[in-house]
Amino acid sequence: MYRRMNHRCLLSLFFLFLLTLAFNLKGQDYTQTGIIEGRITDATGKALELVNIAIQGHPIGASTNRQGQYRLIVPAGTDLVLMASFVGFEPFKMNVRLKEGEKKTINIFLKSSVSDLPTLEVEDTRIRTTTLSRIDPRISSSIVSLSGGAIESLVKSMPGVSSNNELSNTYSVRGGNYDENLVYVNDIEIYRPLLLRSGQQEGLSFLNSDMVSSILFSAGGFEAKYGDKMSSVLDIKYKKPTEFAGSVSGSLLGATAHLEGTSPDARWTYIIGVRQKSNSSLLGSLDTKGEYRPSFTDLQGLVTFDLNEKLEISFLGNYSRNIYKLVPSDRETDFGSITESYRLKIYFDGQESDKFINYMGALSLHYKPNVATSLRLTASAFHTNEQENYDLQGQYWIGKLETDLGSDNYGNVTDAKGIGTYLNHARNELTGTVLNLEHRGAHNSGSYFWQWGLKWQHEKIEDNISEWTMIDSAGFSIPDSPWSAGEVIPSVPFSLNNVAKASSLLESNRFTGFLQSNITLDDSNRTYLSAGVRFHYWDVNEQFLASPRLTLARKPRWTRNVVLRLSAGLYYQPPFYREIRDPQGILYPNTKAQASYQFVAGADMDFTAWNRPFKFTTEAYYKKLDNLIPYEVDNVRIKYLPQLTAKGYAVGIDFKVNGEFVKGVESWASLSLMKTEEDIIGDSYYKYYNSDGEEIINGYTTNNVAVDSLQVFPGNIPRPSDQRFTFNLFFQDYLPGNPTYKMHLNLVYGSSLPFGPPNSQKYQQTLRIPAYRRVDIGFSKLIKSSSYPKNNWLKHIETIWITAEVFNLLQFHNTVSYLWVTDVSNRKYAIPNYLTPRQLNIKLQVNF
């Protein structure tokens, strides 16, 4: 167990200084502001939800709630332009000027420019001047998702984001790995299970799309208020209901339901969601046949209560139970090339039983002493109990296939290459608890918008690992015994592969804080600066970190509506438990934080094409990476190598265009080019050559007597996330003249990723998995409740959607990882583990 609590006096003084500085901001004169509030409706008087309303040229914006209400705190004593935009409606602008402390009600009526079509929201000024992009949460009901994570599926289609596994909610961003992404819900950081090794086990993610009201995403260069990871941030806000509503949906893959509402006096609000997923039919289509019994359940809720006009208390709770059971029977996989093809046949014995149970609760107290200041205190707890148990024996047979099209035996096995048995065993259990106490504050003084935060975090991880693999080919354990027949074999311990046996307890404390300000630099409200610094201390490695971050945005006086951005910052990622544990279960507690020096240059432009609105966005970036912890990826399992240290870089450019390719509905296309490499410090290897001048390769060369050698320093090698090219297309359409019939298509292409043989050195892991290609399509029919008479109970139903989805429409065979088998000559064969083939899903969703 590692427990250290040094430098407390220094830290206490620092946090006291930061807290004093933050609260002194309250002393600024907040009376130099006023309030604009009101309601936004269409021409019929129907409230419009999620309309973005902003003050032109100021970092001030908001979205309407379900009743169409909005509220803005604005500078007083100056001329302002109030704007409301909702694609599908004509834009609204109004000049306004408020006195100090004045409250003004402005109700807005938007005139529709498109009839009976979904609407496309426009980003507010504050978002455009940062690296954050806003994603419409309503599209989550349309996008095709196999993993059950509709929000994550939306994120995967963003520029700079890649994912090669439709069964998983994980994604990598600009050369980072799955553990480098921040996820917040209502300013509370969300954690993932630690023992997951495959997308089949993963189950449901935390994010419930039925409960989401706002999605912000940044692929890099984000502000200091977001935490200590190197790649991306996903900032989610859950709804605060204003009336009773709900939904129920069911499909061949699972079911969901949610309820939301408020008390008669509007002081209480609640939103509760439950989800159940069982994709046994989907998993049954994989190469490995057997009895799949997955069961994934998630229950969460958000309750708020207004104690008075200035004080609100809220509670966010979650319970997640993911069970995965498999009794495999057999597997048959063909692999190789057109000229040299093989077939693997495996017969299984044994079973796998995994359990991942998570609890999360967060209690928040939100205090608004005045219209310009917001203070929040949050106490939260996360607990995970994870068990991974399997004993799987596979008796395998490898044969070479006839590839001559003219042969009568074409496609049949003509030559047996090897037979053998492998046995995988695991009894792994991990329990983890994370406790947090955090204060966040904000103060708007007109040209300056201050934000600050202080956080204490306590972690306790108990980990027990027991896993190994045995490989036996033709009766000989691999590696082959050096003893000849008839010799007396000494008594030696039996050697197993990939042995990990360890028990660990890690208990620690972290202290973090940040201070940042968004500043309007000129009177014309065209230049903005976001500057901040973040602090972190972990008492295990006793490392104190300071991370300055800055973003400068400028809106030129050009004819087109363009915003230019430059961002720079230092992004540290202090190790969590997984980063300091090697594959054998040994902890390296002195592991220091990884560092990413990021430089981002970006621009976005609003333009019109075919008399419809569009936005073009691009960002170029360079990341200098230092003190990296090298790792290997197997499916979704990341194996860190904390005994090694590396330096590296990531460079690339992202493009995205979104808008009304079809009038009234939003679609987008994104393209990313990226390269990332690392240089492991101090690594080298030798090449050995025989008397014929051939490099000796075990299992391939016959003359394995070395007569010469050459020392090689690998230098830069591709990182496991080195995916050079990705393209995503999300496209929506509808039947002309009847938009209640809709189509949504999702196309993904990701170039090859590096991989290597098991137990190999990092410099050997430069082989490439084939490119990931996938097309999913869905067809929906919307049934409106207005078609029912008033005396029919169905009048309470707002909408009914019926959807048919086709996953992997073009039947691409995508590879997620490899199963390695070895013959008696120690020659290794890499057998691809394919992802899901074409599948059909039917879904019914009812909103009321």
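Use the structure listed above.
All figures in this text were calculated on a predicted structure; none of them were measured in a lab.

### Topic: the overall build of the protein chain
- Looking only at helices and strands, the protein chain has 5 helices and 49 strands in total.
- Within the protein chain, residue pairs in contact and separated by at least 24 positions form 68% of the contacts whose partners lie at least 6 positions apart.
- Accessible area for the protein chain stands at about 36300 Å²; split by element, carbon and sulfur atoms hold 56% of it.

### Focus on the pairing of strand S30 (residues 543-554)
- Side chains Gln543, Leu545, Ser547, Arg549, Thr551 and Ala553 of S30 all project onto a buried face; the interleaved residues Phe544, Ala546, Pro548, Leu550, Leu552 and Arg554 project onto a face where none is buried.
- Sheet analysis places strand S29 (residues 527-538) next to S30, joined by 12 bridges and oriented antiparallel. Looking at the pairing, tyrosine 528 lines up with alanine 553 of S30.
- Connecting the antiparallel pair S29 and S30 is a turn made up of 4 residues, with glutamate 542 showing a positive phi of about 55°.
- Sheet topology note: the S30/strand S31 (residues 561-573) ladder contains 6 bridges and is antiparallel. Each residue of the ladder has a partner; that of threonine 551, found in S31, is serine 567.

### Points about empty space enclosed by the protein
- This model, assessed by the stated rule, comprises 10 cavities of 30 Å³ or more.
- Roughly 270 Å³ of volume is contained in the second largest cavity.
- As for the second largest cavity, its lining consists of 23 residues, and the residues nearest its centre are Lys156, Glu166, Asn746, Val748 and Tyr772.
- Counting only elements with at least two residues in the lining of the second largest cavity, the list comes to helix H3 (150-156), strand S11 (161-162), strand S41 (725-735), strand S42 (738-750) and strand S45 (772-784).

### Remarks on the packing of aromatic side chains
- Per the stated rule, a full pass over the model turns up 24 aromatic pairs.
- Seen in terms of ring centroids, phenylalanine 614 and phenylalanine 661 are 5.1 Å apart; in terms of plane orientation they differ by 80°. Their pairing is edge-to-face. Note that phenylalanine 614 is positioned in strand S33 (residues 612-628) and phenylalanine 661 in strand S36 (residues 646-662), a separation of 47 residues in sequence.
- By relative accessible area, which is 29% here, phenylalanine 661 ends up partly exposed.
- Here the aromatic rings of tryptophan 668 and phenylalanine 730 are separated by 4.9 Å at their centres, their planes lie at 40°, and the arrangement is tilted. Residue tryptophan 668 is located in strand S37 (residues 665-680), and its partner phenylalanine 730 is located in strand S41; the two are separated by 62 residues in the primary sequence.
- Relative accessible area serves as the criterion here: at 1%, phenylalanine 730 is assigned to the buried category.
- Among the aromatic residues, those joined into a ring-pair cluster are Tyr184, Phe222, Tyr226 and Tyr571.

### Concerning the pattern of salt bridges
- Enumeration over the complete set of coordinates arrives at 38 salt bridges.
- Linking arginine 192 and aspartate 179 is a salt bridge whose minimum nitrogen-to-oxygen distance equals 3.9 Å. With a gap of 13 residues between them, arginine 192 in the loop between strand S14 (188-189) and helix H4 (199-202) and aspartate 179 in the loop between strand S12 (172-173) and strand S13 (181-185) connect regions that are remote in the sequence.
- Assessed through its relative accessible area of 11%, aspartate 179 is described here as buried.

### What about the side chain of glutamine 845?
- Note on placement: glutamine 845 falls in strand S49 (residues 839-847).
- In terms of polar contacts, glutamine 845 uses its side chain to reach the side chain of asparagine 847, at 3.3 Å.
- Apart from the residues within four sequence positions on either side, glutamine 845 is in contact with Val248, Ser249, Thr799, Ile800 and Trp801.

### Observations regarding the environment of glutamate 507
- Its location among the elements puts glutamate 507 in strand S28 (residues 497-520).
- For glutamate 507, a relative accessible area of 13% gives the class buried.
- Separated by 47 residues in the primary sequence, glutamate 507 and lysine 460 place their C-alpha atoms 4.4 Å from one another.
- Side chain to side chain, glutamate 507 and histidine 458 meet in a polar contact 3.1 Å long.

### A word on the nonpolar core
- Within the largest apolar cluster, 47 residues are counted, with the highest numbers of intra-cluster contacts made by Phe217, Leu234, Ile236 and Tyr238.
- Where this core is concerned, the elements lending two or more residues are H3, S13, strand S15 (212-218), strand S16 (232-238), strand S23 (341-370) and strand S25 (413-444).
- Beyond its immediate stretch of four places on either side in the chain, isoleucine 236 contacts Ile151, Tyr184, Val185, Asn186, Leu207, Val212, Ser214 and Ile215.
- Core analysis: the second largest hydrophobic core is formed by 22 residues, Ile55, Ala84, Phe89 and Phe92 among them.

### Looking at the sheet that holds strand S10 (residues 133-135)
- Pairing in this open sheet of 5 strands is mixed, and the strands run S10-S15-S16-S13-S14 from one edge to the other. For this open sheet the edge positions go to S10 and S14, each flanked by a neighbour on one side alone.

### Considering the environment of lysine 647
- Looking at where lysine 647 falls in the secondary structure, it is placed in strand S36.
- A relative accessible area of 45% places lysine 647 in the partly exposed class.
- Separated by 19 residues in the primary sequence, lysine 647 and leucine 628 have C-alpha atoms spaced 5.7 Å apart.
- Not counting residues within four places of it along the chain, the set of residues in contact with lysine 647 comprises Leu625, Asp626, Leu628, Glu677, Glu678 and Asp679.

### Here's the deal with a nonpolar patch on the surface
- A contiguous nonpolar surface patch, about 480 Å² in accessible area, is contributed by Leu307, Leu365, Leu377, Leu435, Leu437 and Trp456.
- Here leucine 365 is to be found in strand S23.

### A word on the side chain of glutamate 467
- Within the element layout of this structure, glutamate 467 appears in strand S26 (residues 448-473).
- At a separation of 3.4 Å, a polar atom in the side chain of glutamate 467 contacts the side chain of arginine 197.
- Those residues within four positions of glutamate 467 in sequence are excluded, and the remaining contacts are Arg197, His425, Ala426, Asn428, Asn498, Val499, Ala500 and Arg637.

### A closer look at the environment of tyrosine 292
- Mapped onto the fold, tyrosine 292 is located in strand S20 (residues 288-292).
- Taking relative accessible area as the criterion, tyrosine 292 reaches 9% and is therefore assigned buried.
- Separated by 60 residues in the primary sequence, tyrosine 292 and glutamate 352 have C-alpha atoms spaced 9.7 Å apart.
- For tyrosine 292, the side chain forms a polar contact with the main-chain oxygen of threonine 288, separated by 2.7 Å.

### Describing unusual backbone geometry
- At aspartate 187, a residue that is not glycine, the phi angle is positive and equals roughly 70°.
- Here aspartate 187 lies in the loop between S13 and S14.
- Under the relative-accessibility criterion, aspartate 187 is labelled partly exposed at 21%.
- Located in the positive-phi region is asparagine 759, a residue other than glycine, with phi close to 60°.

Calculation criteria
- Residues numbered from 1 in each chain as written.
- Predicted model: local features only at pLDDT ≥ 70, side-chain atom pairs only at ≥ 80, totals over all residues.
- Heavy atoms only, no water.
- Helix = DSSP H or I, 4+ residues; strand = E, 2+ residues; numbered from the N terminus.
- Contact = heavy atoms within 4.5 Å.
- Areas by Shrake-Rupley, 256 points an atom, 1.4 Å probe, with all protein chains shown as cover.
- Buried < 20%, exposed > 50% of the residue type's maximum accessible area, 1.4 Å probe, protein only.
- Pairing = 2+ DSSP bridges.
- 1 Å grid on protein atoms, 1.4 Å probe; cavity = no way out; pocket = protein on both sides within 12 Å on 5 of 7 lines; lining within 4 Å.
- Points joined across faces, edges and corners; volume = space filled by probe spheres on them.
- Phe/Tyr/Trp six-rings, centres within 6.5 Å; stacked < 30°, edge-to-face > 60°.
- Salt bridge = Lys/Arg side-chain N within 4 Å of Asp/Glu carboxyl O.
- Polar contact = N/O pair within 3.5 Å; in protein donor to acceptor, adjacent residues only side chain to side chain.
- Core = buried A, V, L, I, M, F, W, Y, C linked by side-chain atoms within 4.5 Å.
- Patch = residues over 30% accessible without salt bridge, like charges linked within 9 Å, V, L, I, M, F, W, Y side chains within 5 Å.

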